Amino acid sequence: AQSVTQPDARVTVSEGASLQLRCKYSSSVTPYLFWYVQYPRQGLQLLLKYYSGDPVVQGVNGFEAEFSKSNSSFHLRKASVHWSDSAVYFCAVSINNNRIFFGDGTQLVVKP
Amino acid sequence: NSKVIQTPRYLVKGQGQKAKMRCIPEKGHPVVFWYQQNKNNEFKFLINFQNQEVLQQIDMTEKRFSAECPSNSPCSLEIQSSEAGDSALYLCASSPPTGNTEVFFGKGTRLTVV
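Here goes a summary of the coordinates provided. Everything numeric here is computed off the predicted structure, so don't read it as measured data.

**Re the overall build of chain A**
Logical step 1: For chain A, the helix and strand inventory stands at 0 helices and 12 strands.
Logical step 2: The secondary structure elements of chain A, listed N-terminal to C-terminal, are β-β-β-β-β-β-β-β-β-β-β-β.
Logical step 3: For a compact globule of 112 residues, the expected C-alpha radius of gyration is about 13 Å, and chain A comes in at 13 Å, within 12% of that figure.
Logical step 4: Carbon and sulfur atoms provide 47% of the accessible area of chain A, an area that totals close to 5200 Å².
Logical step 5: The averaged location of the 7 negative side-chain charges in chain A is 6 Å from the averaged location of its 10 positive side-chain charges.

Take a look at the structure:
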């Protein structure tokens, strides 16, 4: 079975600072990997996804993530955060689109 | 941007009442998922369909929930007899046929059971 761990429930950074949100996964095979963002009172929006190939994938709004098979990780990064990036970020995995398994989310707070 | 449409956005029901919510998947997406997100942001997979057929569902869904995705009509999720613990955000998602893992979510229906 697949599982996802986001070890940081809440991350606070200053506007303009760099960001890394951590994600570790467990799966018997290399899964499809996703990062979603959820703004207050909204659904989930896909930031980026990884299937195969270049382990660094680019997403929307300047986000990128790096897949590491050896570390079973898929950390999300951004060089310079904006106050509007404040939201909850979910890492997720899937095998052949049958089900998506989500982490518990990381609340990102961007201080002005 | 996702084109999955969920209605209503907010739903308030008394305990024991039926609660029904609907989802229109993106055009051309035969696979539909329902998830429950509780106040702690935890996701629970409920059921998924490919076209009108159920692919997987959890035990809870079999017993108190009913869901369908009829052809040419919105998909629906109905709780037969609402309980306080059912208060949550119900998210519908759709995707192209299995093998392509683009999954798009709607904005959800927030159910409050009073």
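**Some points on the overall build of chain B**
Logical step 1: Scanning chain B from N- to C-terminus turns up 1 helix and 11 strands.
Logical step 2: For 114 residues, the compact-globule estimate of 2.2 N^0.38 gives 13 Å, and the C-alpha radius of gyration of chain B, at 13 Å, lies within 12% of that figure.
Logical step 3: Burial statistics for chain B: of 114 residues in total, 46% are counted as buried.
Logical step 4: Here the analysis covers contacts within chain B between residues at least 6 apart in sequence; of these, 53% occur between residues at least 24 apart.
Logical step 5: Carbon and sulfur atoms provide 46% of the accessible area of chain B, an area that totals close to 5600 Å².
Logical step 6: Side chains of chain B carry 13 positive and 10 negative charges; the gap between the two charge centres is 9 Å.

**With respect to the pattern of salt bridges**
Logical step 1: Within the structure shown, the criterion is met by 7 salt bridges over all chains.
Logical step 2: Between R77(A) and E66(A) there is a salt bridge whose closest N-O contact spans 2.8 Å. Remark: E66(A) occurs in strand β8 (residues 63–68) and R77(A) occurs in strand β9 (residues 73–78); sequence separation between them is 11 residues.
Logical step 3: On the basis of relative accessibility, which here comes to 24%, the residue R77(A) falls in the partly exposed class.
Logical step 4: A relative accessible area of 33% means that E66(A) is categorised as partly exposed.
Logical step 5: With a shortest N-O distance of 3.6 Å, E83(B) and R64(B) are connected by a salt bridge. With a gap of 19 residues between them, E83(B) in the loop between β8 (75–79) and β9 (88–95) and R64(B) in helix α1 (residues 59–64) connect regions that are remote in the sequence.

**Topic: the interface of chain B and chain A**
Think of interface size as the accessible area that goes away when the parts come together; that is how it is often given.
Logical step 1: Contact with chain B, which involves 26 residues of that partner, is made by 21 residues of chain A.
Logical step 2: Summing both sides of the interface, chain B and chain A together bury roughly 1900 Å²; the carbon and sulfur share of this comes to 52%.
Logical step 3: Our count for the contact surface shared by chain B and chain A stands at 0 salt bridges.
Logical step 4: For the side of chain B that touches chain A, the elements supplying multiple residues, two or more each, are β4 (31–37), β5 (43–50) and β9 of chain B.

**Topic: the state of the cysteines**
Logical step 1: Evaluated as defined, the whole model comprises 3 disulfides over all chains.
Logical step 2: Covalently, C23(A) is tied to C91(A) through a disulfide, its sulfur atoms 1.9 Å apart. For the disulfide bridge between C23(A) and C91(A), the dihedral angle about the S-S bond is near -65°, and by the sign convention the bridge is left-handed. Pair noted here: C23(A) is in the loop between β3 (19–21) and β4 (24–26) and C91(A) is in strand β10 (residues 87–94), with a separation of 68 residues, a long-range link. Both residues of the pair, C23(A) and C91(A), belong to the buried class.
Logical step 3: Each sulfur in the disulfide pair C69(B) and C75(B) lies 2.0 Å from the other. Between C69(B) and C75(B) the sulfur-sulfur dihedral comes to about 110°; the bridge is accordingly right-handed.

**With respect to the environment of D104(A)**
Logical step 1: With respect to the element layout, D104(A) can be found in the loop between β11 (100–102) and β12 (106–111).
Logical step 2: Excluding anything up to four places from it in sequence, D104(A) contacts Q6(A), F90(A), N40(B), N41(B) and E42(B).

**Quick word on the side chain of H29(B)**
Logical step 1: When you line up the elements, H29(B) lands in the loop between β3 (19–24) and β4.
Logical step 2: A polar contact is formed between the side chain of H29(B) and the backbone nitrogen of S95(B), at a distance of 3.4 Å.

Reading the values: rules and limits
- Residues numbered from 1 in each chain as written.
- Chains lettered and ligands numbered in written order.
- Predicted model: local features only at pLDDT ≥ 70, side-chain atom pairs only at ≥ 80, totals over all residues.
- Heavy atoms only, no water.
- Helix = DSSP H or I, 4+ residues; strand = E, 2+ residues; numbered from the N terminus.
- Rg over C-alpha atoms; globule rule 2.2 N^0.38 Å.
- Areas by Shrake-Rupley, 256 points an atom, 1.4 Å probe, with all protein chains shown as cover.
- Lys, Arg positive; Asp, Glu negative; His and termini not counted.
- Charge placed at Lys NZ, Arg CZ, Asp CG, Glu CD.
- Buried < 20%, exposed > 50% of the residue type's maximum accessible area, 1.4 Å probe, protein only.
- Contact = heavy atoms within 4.5 Å.
- Salt bridge = Lys/Arg side-chain N within 4 Å of Asp/Glu carboxyl O.
- Buried area = accessible area lost by both parts, 1.4 Å probe.
- Disulfide = S-S within 2.5 Å.
- Polar contact = N/O pair within 3.5 Å; in protein donor to acceptor, adjacent residues only side chain to side chain.

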